[in-house]
Amino acid sequence: MGSFATVFVSEGRGGVVLKQIQDPCKDAVAMLMKEHDDLLTLNSVCGGSSQFFQLPRAHGSYTDYYSFAQEVGIQRTEDMGLPPHALYVMQRIWPVSHWLATSIRDLFLPQPFRDQPPPQLLARLYLGNGTSRQGSRFVNTENFPLSADRIERLGLPADKIAAEMGQMLASINFKAGRDGRDIEFVLCGHPENPLSKVPFYECIDFNQMRPHGGSAIVIVSSMVSNDPYYPRPWSPQWQAFADAYLATAAEANESPLAHDVLQKAIMVSSHYELLGVAADTATTEEIRRAYRQAALKWHPDKWATSPDSQRDAAQERFKLSCAAYEALSDPDKREALQSGKD
C-alpha cells in the first residue's frame, strides 16, 4: 500500500495486479488513468518481446470497481470486497526465480538468513552504486539492491544491463516524450515459467513520469533524482549506457538533445551527486558537511582490508569527492558549473 494507491495481487502464473486509488477525488482518478495510458503508450513505442527490459502490459482501466466486476463477471456473491474506487489492471511482476534467490541469499544476506528458505524478492539494479558492503543487520528482502559489484558476482552482464538501460531510457525520452522520472529497473521472475534459470528483467513504475518538453535539464533532473539505477559518469558501465542512449536517440532524430542530456548529466553527477547535495539549493555549509561525510566514508584507510575491486573503487570515489568539493566550494567555479547547466 502506498500513499496514492493500493495494489492487489492475484495468484497463479499469468496473474495480474489491480492498482486502485485510495482517495476517489477527481485528481487521483485522473492520475491513475494517466498512468494506465502512459503504460499503453510505452508498450506501443518501447515494448516488444525482443526487448531486454520488458514492460508490464496494461489490461484495462475502470472508473469504479463495479465496472471492472461487471466486465470480468464477478457476481455480487463473489465480491472481492474492494472499495468502489477507480482502478486499472496490469500484468503481475513476479519474484526472482528460486535458484537466483538462493544465490542472492548465499552471497549477500547476513548469516541468519542463510539458514532459512530463500526469500521472495525483486532485485533493484543499482548500477549507480559501484559497491555494497556486507554485514548490515537491516535487509529489505522484498526490494533487494544489487550494486554493480553484486551484479557481477552473480554472473550477470553488467555492461549489457547498462546498455539496455540506456536504450530503454532513450526510448522513453525520445520516442514516448516522457522524462522517465522515478522509473525502476528490476531483476524479477519469468511471468510464464517459474523454473526458468534465464534472468528476467523489467522496467516498472511510471506514475511520476511527465512530458519533458524538449528540455535537457528536465530529463537530467529526473535521472539524478531517481534511485541509482543508471551508471554514473565515473563508473565502468557509463560508456555502454551512453553509447546505447545516443544510438537510440539517433533513431528518433534526437541526437542533439541526447548529447545535451549526457553532457549535463556528467556535469551534475560529477559534482553535486557525488556529494549528495541539491544542485540548485545547497548552501556552502551543506556542501562542506557533505564533503566531510564523503571523505570519511570513502577514505582509503577504511577500505584497506576490502577486496581489491572495492578498495580501488573507494579510492577513486575519495579522489572524485575531493575534486567535487574543490569545484563547489569555489564561488566562481560553482557559478560556471551552474551556467553550464542552464
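Scope of this entry: the structure provided in the associated data block. (Residues numbered from 1 in each chain as written. Predicted model: local features only at pLDDT ≥ 70, side-chain atom pairs only at ≥ 80, totals over all residues. Heavy atoms only, no water.)

## Let's talk about the overall build of the chain
For step 1, the next point in the chain: From N to C terminus, the chain includes twelve helices and nine strands.
For step 2, the next point in the chain: Within the span of the chain, comprising 342 residues, buried residues form 48% of the whole.
For step 3, the next point in the chain: Counting only contacts in the chain whose residues sit at least 6 apart along the sequence, the fraction spanning at least 24 positions is 66%.
For step 4, the next point in the chain: Within the structure as shown, the chain displays about 16,600 Å² of accessible surface, and the carbon and sulfur contribution to it stands at 51%. (Helix = DSSP H or I, 4+ residues; strand = E, 2+ residues; numbered from the N terminus. Buried < 20%, exposed > 50% of the residue type's maximum accessible area, 1.4 Å probe, protein only. Contact = heavy atoms within 4.5 Å. Areas by Shrake-Rupley, 256 points an atom, 1.4 Å probe, with all protein chains shown as cover.)

## A few points about empty space enclosed by the protein
For step 1, the next point in the chain: Taken as a whole and assessed by the stated rule, the structure comprises three cavities of 30 Å³ or more.
For step 2, the next point in the chain: Of the pockets and cavities examined, the second largest cavity occupies roughly 50 Å³.
For step 3, the next point in the chain: Looking at the second largest cavity, the residues that line it are Val 96, Ser 97, Trp 99, Leu 100, Cys 188, Gly 189, His 190, Ser 196, Lys 197, Val 198, Pro 199 and Phe 200. (1 Å grid on protein atoms, 1.4 Å probe; cavity = no way out; pocket = protein on both sides within 12 Å on 5 of 7 lines; lining within 4 Å. Points joined across faces, edges and corners; volume = space filled by probe spheres on them.)

## Remarks on the sheet that holds strand S4 (residues 58–62)
For step 1, the next point in the chain: Strand order in this open sheet of four strands is S1-S2-S5-S4, and the pairing throughout is antiparallel. Both outer strands of the open sheet, strand S1 (5–9) and S4, are each paired with one neighbouring strand and no more. Here the average twist between neighbouring strands, direction ignored, is 20 degrees.
For step 2, the next point in the chain: Note that S4 and strand S5 (residues 87–91) share four bridges and pair antiparallel. (Pairing = 2+ DSSP bridges. Axes fitted to C-alpha atoms, helices over the stretch in contact; angles between N-to-C directions.)

## So, the packing of aromatic side chains
For step 1, the next point in the chain: In the structure shown here, the tally under the stated rule is 17 aromatic pairs.
For step 2, the next point in the chain: Between Tyr 126 and Tyr 229, the ring centres sit 5.1 Å apart and the planes meet at 70 degrees, which makes this aromatic pair edge-to-face. Placement of Tyr 126 in strand S6 (residues 122–126) and of Tyr 229 in the loop between helix H7 (216–225) and helix H8 (238–251) is noted, with a sequence separation of 103 residues between them. An identical accessibility class is assigned to Tyr 126 and Tyr 229; each is buried.
For step 3, the next point in the chain: Taken together, Phe 52, Phe 53, Tyr 126, Phe 174, Phe 185, Tyr 201, Tyr 229, Tyr 230, Trp 238, Phe 241 and Tyr 245 form an aromatic cluster joined through their ring pairs.
For step 4, the next point in the chain: Seen from the ring of Trp 94, Arg 92 lies directly overhead, with NZ or CZ sitting 3.8 Å from the centre. (Phe/Tyr/Trp six-rings, centres within 6.5 Å; stacked < 30°, edge-to-face > 60°. Lys NZ or Arg CZ within 6 Å of the ring centre and 35° of its normal.)

## A few points about the pairing of strand S9 (residues 200–204)
For step 1, the next point in the chain: Burial of S9 is extensive: five of the five residues sit out of reach of the surface.
For step 2, the next point in the chain: Covered by surrounding structure in S9 are Phe 200, Glu 202 and Ile 204 together with Tyr 201 and Cys 203, the residues of both alternating faces.
For step 3, the next point in the chain: Across two bridges, strand S3 (residues 53–54) lies against S9 in parallel orientation. Within S9, the position partnered with Gln 54 by the bridge is Glu 202.
For step 4, the next point in the chain: Judged from the five bridges that link them, strand S8 (residues 184–188) and S9 form a sheet pairing that is antiparallel. Within S9, the position partnered with Leu 187 by the bridge is Tyr 201.

## Observations concerning the nonpolar core
For step 1, the next point in the chain: Counting 67 residues, the largest nonpolar core has Phe 53, Ile 161 and Met 165 as its most contacted members.
For step 2, the next point in the chain: Looking at which element gives the most residues to this core, the answer is helix H6 (residues 158–175), with nine residues.
For step 3, the next point in the chain: When neighbours within four sequence positions are excluded, Phe 53 is seen to be in contact with Leu 125, Ile 161, Glu 164, Met 165, Met 168, Phe 185, Val 186, Tyr 201, Glu 202 and Cys 203. (Core = buried A, V, L, I, M, F, W, Y, C linked by side-chain atoms within 4.5 Å.)

## Thoughts on the sheet that holds S9
Backbone hydrogen bonds hold the strands of a sheet together, and the pairing may be parallel or antiparallel.
For step 1, the next point in the chain: Read from one edge to the other, the open sheet built from five strands follows the order S3-S9-S8-S6-S7, with strand pairing classed as mixed. This sheet does not close on itself; its edge strands, each paired only once, are S3 and strand S7 (143–147).

## A word on the pairing of S5
For step 1, the next point in the chain: Counting buried positions along S5 yields five of five residues, so the element is predominantly enclosed.
For step 2, the next point in the chain: With five bridges connecting them, strand S2 (residues 16–21) and S5 associate as antiparallel partners. For Gln 20, the partnering residue across the bridge sits in S5 and is Leu 87.

## Observations concerning the pattern of salt bridges
For step 1, the next point in the chain: Tallying each qualifying case throughout the model produces twelve salt bridges.
For step 2, the next point in the chain: As a salt-bridge pair, Asp 38 and Arg 178 come within 2.8 Å of each other at their nearest N and O atoms. Residue Asp 38 is found in helix H1 (residues 26–46), and its partner Arg 178 is found in the loop between H6 and S8; the two are separated by 140 residues along the sequence.
For step 3, the next point in the chain: On the accessibility criterion, Asp 38 (4% relative accessible area) is buried.
For step 4, the next point in the chain: Overall, the relative accessible area of 18% leaves Arg 178 in the buried class.
For step 5, the next point in the chain: The salt bridge partner of Glu 285 is Arg 289, with a shortest N-O separation of 3.7 Å. (Salt bridge = Lys/Arg side-chain N within 4 Å of Asp/Glu carboxyl O.)

## Quick notes on the packing of helix H10 (residues 284–298) against helix H11 (residues 308–328)
For step 1, the next point in the chain: The interhelical angle for the contact between H10 and H11, taken along N-to-C directions, is 165 degrees, at an axis separation of 9 Å. As judged from the angle between their axes, H10 and H11 are roughly antiparallel. Helix-helix and strand crossings are classified by hand; for H10 and H11 the assignment is left-handed. For the pair formed by H10 and H11, the contact residues are Ile 287, Arg 288, Tyr 291, Ala 294, Ala 295 and Trp 298 on the first element and Ala 314, Arg 317, Phe 318, Ser 321, Cys 322, Tyr 325 and Leu 328 on the second.
For step 2, the next point in the chain: Taken together, the residues that form the contact of H10 with H11 break down as ten nonpolar, one polar and two charged. (Parallel < 35°, antiparallel > 145°, perpendicular 65-115°, else oblique. Left-handed = near helix turned anticlockwise from the far one by under 90°. Nonpolar A, V, L, I, M, F, W, Y, C, P; charged D, E, K, R; others polar.)

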